[in-house]
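Chain by chain, the residues run as shown.
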Amino acid sequence: MAAHHEPSHRDARTAEDPKDEQLTCFRAAPEHDALTTDQGVRVDDTDNALRAGTRGPTLLEDFHNREKITHFDHERIPERVVHARGAGAYGYFEPYASLSEYTCADFLAEAGRRTPVFVRFSTVQGPRGSADTVRDVRGFATKFYTREGNYDLVGNNMPVFFIQDAVKFPDFVHAVKMEPQHEMPTGGSAHDTFWDFASLQPETTHMLMWLMSDRAIPRSFRMMQGFGVHTFRFVTADGRGTFVKFHWKPLLGVHSLVWDEAQIAAGRDPDFNRRDLWEAIEAGSYPEWELGVQLVPEEDEFSFDFDLLDATKIIPEEQVPVRPVGRLVLNRNPQNFFAETEQVAFHTANVVPGIDFTNDPLLQGRNFSYLDTQLIRLGGPNFSQIPVNRPLADVNHNHRDGYGQQIIHPGTNYFPNSLGGGCPAHAGAGGGPGVFRHYAERVEGQKIRERSPSFQDHYSQAALFWNSMAEWERRHIVEAFRFELGKVESGPVRERMVGNLTHVNGDLAAAVADGLGLPAPEAEAGITAASSPALSQENLRGENAARTRKLAVLVAAGTDAGQVASVRERLTDSGVLVEVLAAKDGEVPAAGGGTVKVDRALPTMASVLYDAVLVPDGAEAVNALAAEPAAVRFVEEAYRHGKPLAVLGEATRLLTAAKLPGDVVLGEAAAEYGILTANGTAAPGELADALVQALEQHRFPYRPGLLN
Ligand code: HDD
């Protein structure tokens, strides 16, 4: 046998390099995994095509070469028409208590019953290769592999949608996607066609407020909420219905990037959100969300000043509280991006007994679209056999054949039959546990292409959103509108959009108009003053929100090693990830002897990849950093993005080198602006505690001189 695998002239590397322990599979011996064809035939050479003589033509007979190239030719499947760029992970869901009073859903029936899940987060507009940190909605799709079949909750990180009726989805997507003549812009909505559509479509206004807010540039998938958006229906075993809206609430709180930071991050690390999710799970910091439900008894269907079937509306949490019902934990990364994250197929119509639809016209259309799109994207009708899509529950039916069929079905393939013993049989005419029975809603009406008048108020909740924002959140919304509309070439589109905003808030419309050089519009009278505090990120900070945040420590030769070590220890105990950065990898000599190990070389990183920056004391080190433009810029950016900044002892000189306003950074109120300075005598513990508190605040949005 061994002679069979003797090194030949074609693989001299094996013979030369037998000590490379990583090459366990190279030149596979029979006990190792060998390269094979799709048919399992072992291949002895994948570096040279079969040819007629060493200088002769390649032979068609080389089945391995043809198979290899053919498979490669077909490696790209069509990407998702929307939500093409995404990242996913596995985990579990477990309820806190039984919900059987409202639903017979098995996965919600018992406290602690764990159901495996796969979750995929995504952006909407950009293609697969676009950047993560663009201004966009984020998808938040969860597949529950329940004992009674797969349930998909296909939501977003915003609780409302652009349109009320699914028939308009192709128009909306055509408008927001890259423009057809030149495929621009990649990964954003700042262009004429989107705003043309939006300006003619007042029902988008509420969603535009969310899209222009910081919710559209999340700091992390782990720090964003998720929403089922539609009103769904819980159904009990005896057929009683309750309206339900689903909410995911992240334990780490809801936090965003600032716009300028998002722009830089898109270049410094286009995989910013994807990497964050991956690394957190690899490090064992499993992201967690609480599932909450808003329950509305059927008899209260008409007790709101909006229609429950209108997906451009929320039910304010102050009106119907969100009841926590369980938790979602993501604890395992996929092994193969394509096989799992790319091939996963979510579908709003994948429901289980106990969960049903309402007549929301957006949801009704979605229930057609997802299966249809997957037929082309995943190559035919058998994609539910792909491992990531396969239910844990038994599957028995008479579907047969088709592209990608993986199952060898024996026996009969029709119903009713007697020759196959009558199998598979109906699950029982009377229902019973585990059988899906459609909710017996009474329906009557004329066939008509018309929306109910109860869908017509497009502005009240847009105003509610604006009213609920903190001052800094409003500032960011105004800047976002100015940027996006500033990119619009068409004057009439800009004007129409500003006109729409006069129905939301006069100050907003005036500020946007001013930024666009348009005359101040006349404000609409009688706009609601109502607000919902639950909508502001100011009130969504989370508990122990410093956990998993990243601190950059800038060092150079002569740095104070004791300070680095003590701060590092204290912060690591609080769950903060500390990384030491210097001009080069390796180690730097510390003041008074010893060395400090460098985790990252400065040129490979940027301040936008961290949540806070610390510069330890040490005159020589500070001199070196102050003379290093990359280090000065690092500190300046952290300041201008509102991040906590700790500059110890001599290191305050870096603030001067960065030309930051001295009265702020060195003034009495510096700490209130998240600038922590301390001389050598300050206890490191106090400093570490102050940094943790500053990280929990996330940002200091009222610091003077910020870049928005
Ligand atoms: Fe959709 C994908 C969320 C309206 C048609 N949608 C998709 C994904 C998410 C959403 C998270 C990505 C799933 C994944 O990770 O694979 N979509 C929503 C939400 C909506 C919504 C929250 C409104 C409440 N979608 C919507 C409408 C239609 C679609 C009205 C069509 C009429 N959506 C699709 C699609 C996609 C999709 C074309 C693209 C790829 C796919 O389904 O599998 O079918």
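Residues numbered from 1 in each chain as written. Predicted model: local features only at pLDDT ≥ 70, side-chain atom pairs only at ≥ 80, totals over all residues. Heavy atoms only, no water.

Some words on the coordination of the iron atom of the ligand
Operational definition: Donor atoms (N, O, S) are those found within 2.8 Å of the metal centre, with the cutoff raised to 3.2 Å for Na, K and Ca; water is not part of the atom list, so apparent gaps in a site can occur. For the purposes of this entry, the term helix denotes a DSSP run of H or I that reaches at least four residues, the term strand denotes a run of E that reaches at least two, and both are numbered from the N terminus.
There is one protein donor for the iron atom of the ligand, and it is Tyr 370 (OH), at 1.9 Å. As for its position among the elements, Tyr 370 is in helix 9 (residues 361-377).

A short note on the site of the ligand
Inclusion rule: To be near a molecule or strand, a residue needs just one of its heavy atoms within 4 Å of it. In protein, a polar contact requires one atom able to donate a hydrogen and another able to accept it; more generally it is a pair of N or O atoms within 3.5 Å, and residues adjacent in sequence count only if both atoms are side-chain atoms. Residue classes follow a fixed rule: Ala, Val, Leu, Ile, Met, Phe, Trp, Tyr, Cys and Pro count as nonpolar, while Asp, Glu, Lys and Arg count as charged, and any other residue, Gly among them, counts as polar.
For the ligand, the set of nearby residues contains 22 residues, the closest of which are Arg 80, Arg 120, Arg 366, Tyr 370 and Gln 374. Between His 83 and the ligand, the recorded distance is 3.4 Å, taken from a side-chain N or O atom to a nitrogen atom. Between the ligand and Tyr 370 there is a distance of 2.8 Å, counted from a nitrogen atom to a side-chain nitrogen or oxygen. Where the shell around the ligand is concerned, the elements lending two or more residues are strand 3 (138-146), strand 4 (149-156) and helix 9. Looking at the shell around the ligand, the element that brings in the most residues is helix 9, giving 6 residues. Grouping the constituent residues of the shell around the ligand by class yields 11 nonpolar, 8 polar and 3 charged.

Let's talk about the pattern of salt bridges
So the rule is basically this: Within this document, salt bridges are pairs made up of a side-chain nitrogen of Lys or Arg and a carboxyl oxygen of Asp or Glu, the two lying within 4 Å of each other. The classification of residues rests on relative accessible area computed with a 1.4 Å probe and restricted to protein chains. Under 20% of the type maximum is buried, over 50% is exposed, and intermediate values are partly exposed.
Counted by the stated rule, this structure contains 38 salt bridges. With a closest N to O distance of 2.9 Å, Arg 699 and Glu 261 form a salt bridge. Here Arg 699, found in the segment after helix 19 (684-697), pairs with Glu 261, found in helix 6 (residues 259-268); they are 438 residues apart in sequence, far enough to count as distant. The burial state of Arg 699 is the same as that of Glu 261; both residues are buried. Salt-bridge contacts for Arg 327 lead to Glu 288; the nearest nitrogen and oxygen are separated by 2.8 Å. Residue Arg 327 is found in strand 9 (residues 323-332), and its partner Glu 288 is found in strand 8 (residues 288-297); the two are separated by 39 residues along the sequence. Using a relative accessible area of 21% as the deciding quantity, one classes Glu 288 as partly exposed.

Thoughts on helix 13 (residues 506-515)
To keep things clear, this is the line we draw: As used here, the arc belongs to the directions running from the helix axis to the C-beta atoms. Only heavy atoms matter for contacts: two residues are in contact if any of them lie within 4.5 Å across the pair.
Buried within helix 13 we find Leu 508, Ala 509, Val 512 and Ala 513. Along the axis of helix 13, the buried positions cluster into a sector of 125 degrees, meaning they face one direction only. With respect to the buried face of helix 13, the exposed residues turned more than 90 degrees away are Asp 507 and Asp 514. Contacts made by the buried residues of helix 13 are with helix 5 (205-211), helix 10 (460-468), helix 11 (471-486) and helix 12 (491-501). Measuring from the backbone nitrogen of Asp 507 back to the side-chain oxygen at the start of helix 13 gives 2.8 Å, which picks out Asn 505 as the cap. Backbone geometry just after helix 13 places Gly 517 at a positive phi near 70 degrees.

A word on the sheet that holds strand 16 (residues 612-615)
Each strand in a sheet pairs with its neighbour through backbone hydrogen bonds, running either in the same direction (parallel) or in the opposite one (antiparallel). Under the convention used in this document: The criterion for strand pairing is that DSSP finds at least two bridges linking the strands in question. Fitted lines through C-alpha atoms give the axes, limited to the stretch in contact for helices. The angle between two N-to-C directions lies from 0 to 180 degrees.
Across the sheet, 6 strands lie side by side as 15-12-11-16-17-18; this open sheet has parallel pairing. Lying at the two open borders of the sheet, with one neighbouring strand each, are strand 15 (600-601) and strand 18 (675-678). Relative to strand 18, strand 17 (residues 645-648) runs parallel, the two sharing 4 bridges. Within strand 18, the residue paired with Val 647 across the bridge is Thr 677. Of the strands in this sheet, strand 11 (550-554), strand 12 (577-582), strand 16 and strand 17 touch helix 14 (residues 561-573), which is tilted by about 155 degrees from strand 12.

Regarding the packing of helix 10 against helix 11
We apply this condition: Note that the term roughly parallel is reserved for angles under 35 degrees, roughly antiparallel for angles over 145, roughly perpendicular for angles of 65 to 115, and oblique for everything else.
The interhelical angle for the contact between helix 10 and helix 11, taken along N-to-C directions, is 125 degrees, at an axis separation of 8 Å. In terms of their interaxial angle, helix 10 and helix 11 are classed as oblique. Facing helix 10, whose interface residues are Phe 465, Trp 466 and Asn 467, helix 11 presents Arg 474, Ile 477 and Val 478. Looking at the contact of helix 10 with helix 11 residue by residue, the class counts come to 4 nonpolar, 1 polar and 1 charged.

A short note on the UniProt feature "domain: Catalase core" (unreviewed entry) in the protein
As a reminder, the rule being used: UniProt positions are given in the numbering used here, feature names are shortened, and annotations may be inferred rather than shown by experiment.
With numbering aligned to this structure, UniProt lists the feature "domain: Catalase core" (unreviewed entry) at residues 36-423. This span, residues 36-423, is 20% helix and 19% strand, and a straight line between its end C-alpha atoms measures 39 Å.

Quick look at empty space enclosed by the protein
The cut-off we apply is this: Residues are called lining when one of their atoms sits within 4 Å of a cavity or pocket point, these points coming from a 1 Å grid over the protein atoms alone, where a cavity is a set in which a 1.4 Å probe fits but cannot get out and a pocket is an open set with protein on both sides within 12 Å along at least five of seven lines. Grid points are joined across faces, edges and corners, and a volume is the space filled by probe spheres set on the points. As annotated, the domain borders come from an automatic or database domain assignment.
This structure, assessed with the given rule, holds 6 cavities of 30 Å³ or more. Looking at the largest cavity, it is lined by 19 residues, and the ones nearest its centre are Pro 159, Phe 227, His 247, Gln 294 and Ile 314. Examining the composition of the lining of the largest cavity, we find that 3 residues originate from one element, strand 7 (residues 241-250), more than from any other. Of the residues belonging to the lining of the largest cavity, the class tally is 10 nonpolar, 6 polar and 3 charged. Taken domain by domain, the makeup of the lining of the largest cavity includes at least three residues from each of domain 2 (86-208 + 216-389) and domain 3 (460-539).

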